[in-house]
Amino acid sequence: MISFDHVTLHYAGATGPSLRDVSLEIPEGELVLVVGPTGSGKSTLLRTINGLVPHFSGGTLSGRVTVAGLDTATHRPRDLATVVGLVEQDPAATFVTDVVEEEVAYGMETMGLDPTAIRRRVEETLDLFGLTPLRARSLQALSGGQQQRVAIASVLAAGSRILVLDEPTSALDPVAAEEVLASLHRIVHDLGVTVVLAEHRLERVVHHADRVVLIEQGQTSELLDPAAAMAVSAIHPPVVALSRLVGWTPTPLSIRDARRRAGELRDRLADQAPQDSRAPVPGPTPGPMGQLRPRADSTVVAAADLAVSIAGVKVDRAGRRILHGIDLGLRQGSVAVLMGRNGAGKSTLLGAVAGQHRLAGGTIRLGRQGIDPHASAPRERVRVVGLVPQQPELLLYAETVSAECVAADRDFGAPDGTTDALLLRISGGLDPASHPRDLSEGQRLELALAVILAGSPQVLLLDEPTRGLDYGAKARLGAILAELAATGTTVLLATHDVELAAEVADRVVVLADGEVVTDGPARAVLSASPAFAPQVTKVLLPQTWLTVDEVATALGQTA
Amino acid sequence: MVRRERLQHPAAWWLWGLGLATAASRTTNPVLLLLVIGVCVLVVSERRDPATANMLVPFLVIGLVIIAFRVALTMILGNGIVGDTELFTLPRIPLPDWAANVRIGGLVTLESLLYAVYEALRLAAILACLGAANALASPRRLLRYLPATLYDVGTAVVVGLTFAPQLLADARTVRAARTLRGHDGRGLGELARLTVPILETAFERSLGLAASMESRGYGRAVTMTAGGRRLASVLALVGLLGILGGLYGLLDASAGGVLGLPLLIVGGLLAAASLVVGASRDRRSGYRRDPWTWTESLTVLVGALAGAVMVTGSAAGWNGLTPSQEAQLPAVPLPAVLALLLAATPAVFTPRPRRAT
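Residues numbered from 1 in each chain as written. Chains lettered and ligands numbered in written order. Predicted model: local features only at pLDDT ≥ 70, side-chain atom pairs only at ≥ 80, totals over all residues. Heavy atoms only, no water.

K.L.:
Lay out the pairing of strand 1 (residues 2–10) of chain A in plain terms, naming residues and giving numbers.
P.N.:
Residues and elements named next belong to chain A. Across five bridges, the pairing between strand 1 and strand 2 (residues 19–26) is antiparallel. Directly across from Leu9, in strand 2, lies its bridge partner Leu19. The pairing of strand 1 with strand 4 (residues 60–67) spans seven bridges and is antiparallel. Within strand 4, the position partnered with Ile2 by the bridge is Val67. (Pairing = 2+ DSSP bridges. Helix = DSSP H or I, 4+ residues; strand = E, 2+ residues; numbered from the N terminus.)

Structural data, given as structure tokens:
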């Protein structure tokens, strides 16, 4: 169906090729997952399938890509629109019309199909994706999961037999992601559509895959069996890490498979209480993170210890009340994670704490001095609270990384070289001459984090930091946060990523509809709800282990 | 009879609004003008497109601002209307001899204020008609009915309509992000720094959209020859110019007779010709075109009737269409009132819009 024949791709001005001698043969009806670290060439590989690379992006492609018998060298992306559909991470940026059913019809209109045929296919497609109740809605008013389903529906309605998805669930909360994956599963099984998918959140998709392609620095493996691929891949979800630890073969990919094997493991772990490792008790603490700081399970803290106290906070945006009276107190040096659906008010709460949204009611006090972020000038505010926004590139203005560091020193009145040193510690060194917009998503986040930390804020806020981060970058972020907390910085981060929450959180706060619905110790909250449970917990329930590191330590103790 | 809930054809609403605007342009009688605004409010409240924001409100606000501005200006500068009813006297600023025709401050009479209010009210009423057309059928829906040869122009306008608000939102986010680095985002130097990330974001968004349109087959169905395309484009543009000129003639009573209806008809014919030439080569098809039924025809008819009655009235010099410059209630010509009331009937006989779920 899709064949790559010795494909090498050079972008103009790049030092090395982005794809090196890729030869692949993807048969019809398979769901193929492309796995690789950020910057490994995943997106480039996906975009060669419909010809956007190199027709649209520029660059030199040698070798041959044929899709359903059509050579992409002689067929432009628009000619391939009937064959290949491309869906991106942020569907809202790719919508051409503004109403659901018109978006679904758009591709067919450009093809000049007969209006009655269009009408019939629109109805079928809306039914297939469960979008009928939303048909007359404005696209901008939909939730992230719904937007993603509309994007998939509209490329399929155009008749594509091949669906290419680049990080379709990275920006979605777990429930919305499930919704999208369920739709995908259905079209693969019912319609025999060929799907090529890249996704960082392997824990969400790997068990849906028929075949896996590993990619590293532009070089691809052949089509591998998912279990075999996961057994060797450097990038793997927690359930695979657990299986490697215990030595299960073949590697289980789904929670269900792993649970069926886990009986014996649960027995071995039965006499240990995972809470031990989380509470500040003597004895070896697990993993690199645990050694950096004790975890506290208590959410009840003396008022004197509070680094953030939020009382009855209400915020209105665009005439709608987003937050309905939030109460929250964070102990100094703790790491709290905000979770909840897209649109639950997480970003708004962080923005309010950072003094960006005017309060309609309530108070926020920060730091030991109890500073009101809304009453202080930006220059003083940044010393108390730093926010890394959802799009970290918004913080970056300079032409090069080194210029950015110098500007940050000046902005925050820090001694020369402060940001540079921070960046070195956080990222292990970025090319100082590269343009911030050319960095990978993870590197950009690290640069933005270094910039914000130059102000040495007492409270650090991160909004959705793991979008587009691979497991390696995520682990590094976790280590940095742990280190910061150990030195007394209070961290509050909003994320959909339960695995990150399991790694770093002392405490988890779940928002829904602008209200706090759950607030408690990370272990209690994460293990109590199926939507928020990390993979290790799901495998080992009713025991409440959160991470592979915890299990490893516990096994080490028994041995 | 129960009619199916649907949105009326956008062209019907825009033609109706045009007729009503023509009617409003031919009178300064406050009673008739308020009646026009009332008709707009009534029809919009009954039949507006629930999926979009109510555009009538901002248009009415602009109308109010225009009235206030005009009154304030008249108070300060006067408007050459001499009246008997003195209201009050503003302190007059002495000006040199060469500016003898200009006065600042001085006597304010009721008559001059009323004249200003009537004139401004006429503009406000025309704006209300435009706002009503906007609220009843968004311009985006209207754009779908552009001739196929103008498809590219239409797409550009739609993309622009989406981009403008997004650019504003971007600017707000970028400015907020700027405060995160300890700057308040105010001042000229700051503005210069903000433009770079705002433009970068906008460019990235444009590129993303262009890539998406490319990979979804934009522009693939057009198999026209260069000559045919040029002919159709010229016809369409000339036709559009003709339509615009004709509209200007209709709405501005002081324009000559050639502008106006004749030009509008010629323009319409040219545009139709381009549509035929262009459409014959364009394989692009339309999804769910709104049907044109008797309610659409009737809507256009009552709108056109209101316009026609007022145009006839002003040509025949009916008493009261242009009230005298005296401080008294003007006469109200009955046929004009009836025609305007008739223009409100689409609030009843047109199909109800479907509620967005």
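K.L.:
I'd like a rundown of the interface of chain B and chain A, residues and numbers included.
P.N.:
Across the boundary between the two partners, chain B contributes 45 residues, which contact 60 residues of chain A. For the pairing of chain B and chain A, the buried interface totals around 4,700 Å² over both sides, and the portion due to carbon and sulfur atoms is 50%. Of all residues in chain B, Arg181(B), Arg216(B) and Tyr287(B) give up the largest surface area on contact with chain A, accounting jointly for 21% of the area buried on that side. Applying the counting criterion to the chain B and chain A interface returns six salt bridges. For Asp411(A), the salt bridge is made with Arg181(B), and the minimal N-O distance between the two is 3.0 Å. Where the side of chain B that touches chain A is concerned, the elements lending two or more residues are helix 6 (151–179) and helix 7 (188–215) of chain B. At 14 residues, helix 7 of chain B tops the list of elements feeding residues into the side of chain B that touches chain A. (Contact = heavy atoms within 4.5 Å. Buried area = accessible area lost by both parts, 1.4 Å probe. Salt bridge = Lys/Arg side-chain N within 4 Å of Asp/Glu carboxyl O.)

K.L.:
I'd like a description of the side chain of Thr537(A), backed by residues and values.
P.N.:
Take Thr537(A): it is sitting in helix 22 (residues 535–540). Filtering out sequence-adjacent residues up to four positions away, Thr537(A) remains in contact with Ser527(A), Gln543(A), Thr544(A), Trp545(A) and Leu546(A).

K.L.:
Outline helix 11 (residues 334–342) of chain B, listing residues and values.
P.N.:
Residue and element names in this part refer to chain B. For helix 11, the full list of buried residues reads Ala336, Val337, Ala339 and Leu340. Seen along its axis, helix 11 keeps its buried residues to an arc of 165°; they face one direction. In helix 11, the exposed positions that point more than 90 degrees away from the buried face belong to Leu334 and Leu338. The elements touched by buried residues of helix 11 are helix 1 (10–25), helix 2 (30–47) and helix 10 (294–316). (Buried < 20%, exposed > 50% of the residue type's maximum accessible area, 1.4 Å probe, protein only. Arc of directions from axis to C-beta.)

K.L.:
An account of the packing of helix 16 (residues 401–412) of chain A against helix 18 (residues 441–453) of chain A is requested, with residue identities and associated values reported.
P.N.:
All names here are of chain A. The N-to-C vectors of helix 16 and helix 18 enclose an angle of 25°; their axes lie 9 Å apart at closest approach. The orientation of helix 16 relative to helix 18 falls into the category roughly parallel. Handedness of the helix 16/helix 18 crossing: right-handed. Contacts between helix 16 and helix 18 involve Val401, Glu404, Cys405, Ala408 and Phe412 from the former and Leu447, Val451 and Ile452 from the latter. (Axes fitted to C-alpha atoms, helices over the stretch in contact; angles between N-to-C directions. Parallel < 35°, antiparallel > 145°, perpendicular 65-115°, else oblique. Left-handed = near helix turned anticlockwise from the far one by under 90°.)

K.L.:
Describe the layout of surface pockets, listing the residues and the values that go with them.
P.N.:
Residues and elements named next belong to chain A. Considering only enclosed or pocket space, the second largest pocket measures out at about 440 Å³ in volume. At the level of elements, helix 9 (238–246), helix 13 (287–290), helix 19 (471–486), helix 20 (498–504) and helix 23 (548–558) are the ones that each hand at least two residues to the lining of the second largest pocket. With five residues, the top contributor of residues to the lining of the second largest pocket is helix 19. Looking at the lining of the second largest pocket, its residues break down into twelve nonpolar, four polar and four charged. In terms of domain composition, the lining of the second largest pocket takes at least three residues from each of domain 2 (238–293 + 540–559) and domain 3 (332–357 + 376–528). (1 Å grid on protein atoms, 1.4 Å probe; cavity = no way out; pocket = protein on both sides within 12 Å on 5 of 7 lines; lining within 4 Å. Points joined across faces, edges and corners; volume = space filled by probe spheres on them. Nonpolar A, V, L, I, M, F, W, Y, C, P; charged D, E, K, R; others polar. Domains from an automatic or database assignment.)

K.L.:
Please provide a residue-by-residue account of the nonpolar core, values included.
P.N.:
Residue and element names in this part refer to chain A. Core analysis: the biggest nonpolar cluster contains 82 residues, and Ile310, Leu449, Leu460, Leu461, Leu493, Val508 and Leu526 have the highest contact counts within it. Examining the composition of this core, we find that eight residues originate from one element, helix 18, more than from any other. In contact with Leu526, not counting residues within four places along its chain, are Met339, Ala501, Ala502, Val508, Phe532, Ala533, Pro534 and Leu546. Among the nonpolar cores identified, the runner-up in size contains 67 residues, and Val100, Val122, Val240 and Ala258 belong to it. (Core = buried A, V, L, I, M, F, W, Y, C linked by side-chain atoms within 4.5 Å.)

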